[in-house]
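# Remarks on the overall topology
For reference, the chains in residue letters:
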Amino acid sequence: MSQTVALDKNHHANLRVIPQQAQQHGAEECLMPVVISEFARLAAHYPIVISKNSDTGQFVCSALLGFEKGENLFWKQGQWDAAYKPLNVQRQPFFTAGSDNDILTINQDSPSVSTTEGERLFDNNQQETDYLQNIRTVLTNLFQGEKHSGNFIQTLEQFELLVPMTLDIKLDNGQPKKVEGLYTVNEQRLSELPDEHFLSLRKLGYLGSIYSMLTSLGQIYALIERKNKMLETATGWYGS
Amino acid sequence: MDKKIKSVVVVGGGTAGWITAGRIAAEHRVANSDSQISVTLVESPTTKIIGVGEGTWPTMRATLSKMGISETDFIRQCNATFKQGAKFARWVNGDKEDFYYHPLMLPQGFSKIDLASYWHSDGQYGHESFSNAVCFQEQLCEQGLAPKMITTPEYGSIANYAYHLDAGKFATFLHDHCTKVLGVQHILADVTAVKSTPDGDIASLTTTEAGDIEGDLFVDCTGFRSLLLGEHYNIPFVDHSDVLFIDTALAVQVPYQSEDDDIACHTISTGQSAGWIWDIGLSNRRGIGHVYSSRYNSEDNARQELASYVGDGFDADAVRKIPIKSGHRELFWHRNCVAVGLSAGFLEPLEASAIVLVELSAAMIAEQLPARRSVMDIVARRFNDTFLYRWGRIIDFLKLHYILSQRTEPFWVDNRREDTIPDSLKELMEVWKYQTPGDRDFTSNNEVFPAASYQYVLYGMGFKPDADYSRYRLDETENAADQFAKNREIIGKTTAALPRHRELISKIHQYGLQRI
């Protein structure tokens, strides 16, 4: 378990964070939890899917980053290769604690934490820097977004709009790949939804999120492309 | 008179009554306004249900799902747990280390290759128990692991499973679901008389609380009393205690020592001097019972054996004694009355055969519900043929557990006597001297236990066919070796991935399983 402590301006006056290093926390994740407020931005890069939390079995919205456990095809040569990074990546190495999530904490064991390089957290007057202020905003958005996303999924379940989705992929090297355990919105059922249910989706502001999610599935092709490129590079390096 | 069958009246509010009412109501959309059928369940306000049967078959998953029941609700409200088969301890020779498994999954590659023949012919595999060599489920049970994960959908599985449940809570749970969701009408009333039509059908039931209750089909779920089929129609009881000797059960509930004690993921059945003890783990307690034959054991001694099995925490005053009469009615469907559950018969608790017969009966009545009275006698004849065959096969399979024992107490010795073994079972045993049980031995559409179950019990009990008769035909040794290796591989994968049984049950109580 990593060492997470409350951030303290006296104690941590000289602490710095190297943002690029912080993104490393997602380097081996094939699914990254996301919130509906970022769907529109995510959809430009990632397939947005619904998956199950392996610990609780509860549905969560996630960006699909790879096709197998431990694979993040957006992590390239030590960097995150996409203009927009999910809030859960941006937030590293910061967390919140307390009953209202109002205590800002930091994972001191993160390789991004430094005292010599990176972004400062506090200025010389022990005031929070713009960097840290921005982190606070990210965490607030995440915290609120998680609640909204939970309600969003509950509504999809209630209207029986979720369906399992199996990806059957054939890679350029001929290798077949099957990805299970993903769910999405059933378009057929959405289009046949009784008027009053459709209206409540509109009133709850979920229509945009649903269509973002459906559109984003086109990114699966881009993800396959990334995988093919990676295999190609690997073949170039190691020989086939 | 050729009237339409519109009204089904079920008498009895135990597991059998509610399952039958629920299956008929779900199948015939009774809750919909345009349904042609009504289902009424009449329950006595004074008679208590037996409520001891706590183990099911995997078929229960389809039974619940067909009634539109959420598995999460069922597990939470009935203190249910998963059951991956049965462990038979001390049945072979009574030693402490003596045990074998009857898991709920087919031997590896069963449809393509009969591993049993290779297991017998090759010493290389024979040193490992049959069930462990061909099926990964024994290891899941031995290690206390669940058959699925919290991410597996409701009724979905990684390893096949049935349930253990609290029978009293189950009846209440089904009652709620049947009345609130499926449109079953519930009447609390004691039946005092049966009124007949001139041609001998049941016209109505007279009750003290609700007057006369009319119906077109009456389902007798009144337990051992068999109020309609037995008392009213006098359909004779066929006694099978000459084959199956068990005639008494002593049941007790035992609390766990602590809230997170492991829960066994299988029924544990332990041989005793004149019977056996069942041990079933629910989420909140264990249900333990001693079934024995009073011809071979005194009640005092039987209680003593139960007490020493339970050990600390045995509450002698809480023991319930239930008499068992092994046998069934000569017919189950007579005129417009069909019996389901104990009213049709009971053999003994081994292999949860009573509850599966309830499910099979409820399914057949629901699916073949006669549209008119003129069809009913045809359906009745089919039903009787089907279930007489099934009772027969169950008797054979239960008796099989006893005839291969090497135990020396009189109960066990007498169980092996030729004159106590049905001819149909003797025939099978003769065939199996030279070949392993296969689907060719079970060719009816109405089989209950599959050939694989016979393999698990036969070879678990140490039965050895004469391998010389088939050795020359075993030319797939490579494939067999692959399948044995595959089983070991699956054991490795599943034991690494599956959670502890207790852990999964707690998570289901906390988070629930998803529908998809």
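Everything that follows concerns the structure shown earlier in this document.
Before going into details, it helps to say that this report is about the structure given with it.

## What about the environment of T20(B)?
Residue and element names in this part refer to chain B. Relative to the assigned elements, T20 resides in helix α1 (residues 15–27). Assessed through its relative accessible area of 0%, T20 is described here as buried. Taking the C-alpha atoms as reference, T20 lies 18 Å from R382; in sequence the two are 362 residues apart. When near neighbours in sequence (up to four residues on either side) are disregarded, T20 contacts V219, C221, V340, A362 and I365.

## Quick look at the nonpolar core
Side chains of a nonpolar character, in soluble globular proteins, are inclined to be buried together. In this structure, V39(B), F74(B), F170(B) and L400(B) are the most contacted members of the largest nonpolar core, which totals 148 residues. Setting aside chain neighbours within four positions, we find V39(B) in contact with V8(B), V10(B), A21(B), I24(B), A25(B), V30(B), G183(B), V184(B) and Q185(B). If you look at the next biggest cluster of nonpolar residues, it comprises 56 residues, including V49(A), L65(A), L167(A) and I516(B).

## Quick notes on the sheet that holds strand β13 (residues 176–185) of chain A
Residue and element names in this part refer to chain A. With antiparallel pairing, the 5 strands of this open sheet are ordered in space as β3-β5-β4-β13-β12. The sheet is open, and its two edges are formed by β3 (31–33) and β12 (162–170), each paired on a single side. Here the strands of the sheet are splayed against their neighbours by 55 degrees on average, with no regard to which way each runs. Where strand β4 (residues 48–52) meets β13, 2 bridges bridge the pair, whose relative direction is antiparallel. If you follow I50 over to β13, its bridge partner there is Y183. Helix α4 (residues 130–158) contacts β4, β5 (59–64), β12 and β13 of the sheet and is inclined by roughly 110 degrees relative to β5. Along the sheet, helix α7 (residues 207–216) contacts β4 and β13; its crossing angle with β13, the most-contacted strand, is approximately 170 degrees.

## Observations regarding the pairing of strand β14 (residues 267–272) of chain B
All names here are of chain B. Within β14, 6 of the 6 residues are buried, which leaves the element mostly enclosed by the surrounding structure. Here β14 shows no split at all, with T267, S269 and G271 on one side and I268, T270 and Q272 on the other all buried. With 4 bridges connecting them, strand β4 (residues 85–89) and β14 associate as parallel partners. Each residue of the ladder has a partner; that of A89, found in β14, is T270.

Each value, and the rule that gives it
Residue numbers here run from 1 along each chain, matching the order of that chain's written sequence. Each chain is given a letter, starting from A, and each ligand a number, starting from 1, according to the order in which they appear as written. Residue-level local features of this predicted model are given only where pLDDT is at least 70; pairs of side-chain atoms are given and counted only at 80 or more, and the full residue set underlies all totals for whole chains, interfaces and linings. The basis for every side-chain value is the complete set of non-hydrogen atoms in the structure, without hydrogens or water. Helix and strand assignments follow DSSP, with helices taken as H or I runs no shorter than four residues and strands as E runs no shorter than two, numbered in order from the N terminus. Type-normalised accessible area, obtained with a 1.4 Å probe on protein chains alone, sets the label of each residue: buried when under 20%, exposed when over 50%, and partly exposed for intermediate values. Contacts are assigned to residue pairs that have any heavy atoms within 4.5 Å of one another. Grouping buried Ala, Val, Leu, Ile, Met, Phe, Trp, Tyr and Cys residues that are joined through side-chain atoms within 4.5 Å yields what is termed a nonpolar core. By the convention used here, strands pair only if DSSP detects at least 2 bridges between them. Lines fitted to the C-alpha atoms define the axes, with helices restricted to the stretch that makes contact. Angles between their N-to-C directions range from 0 to 180 degrees.

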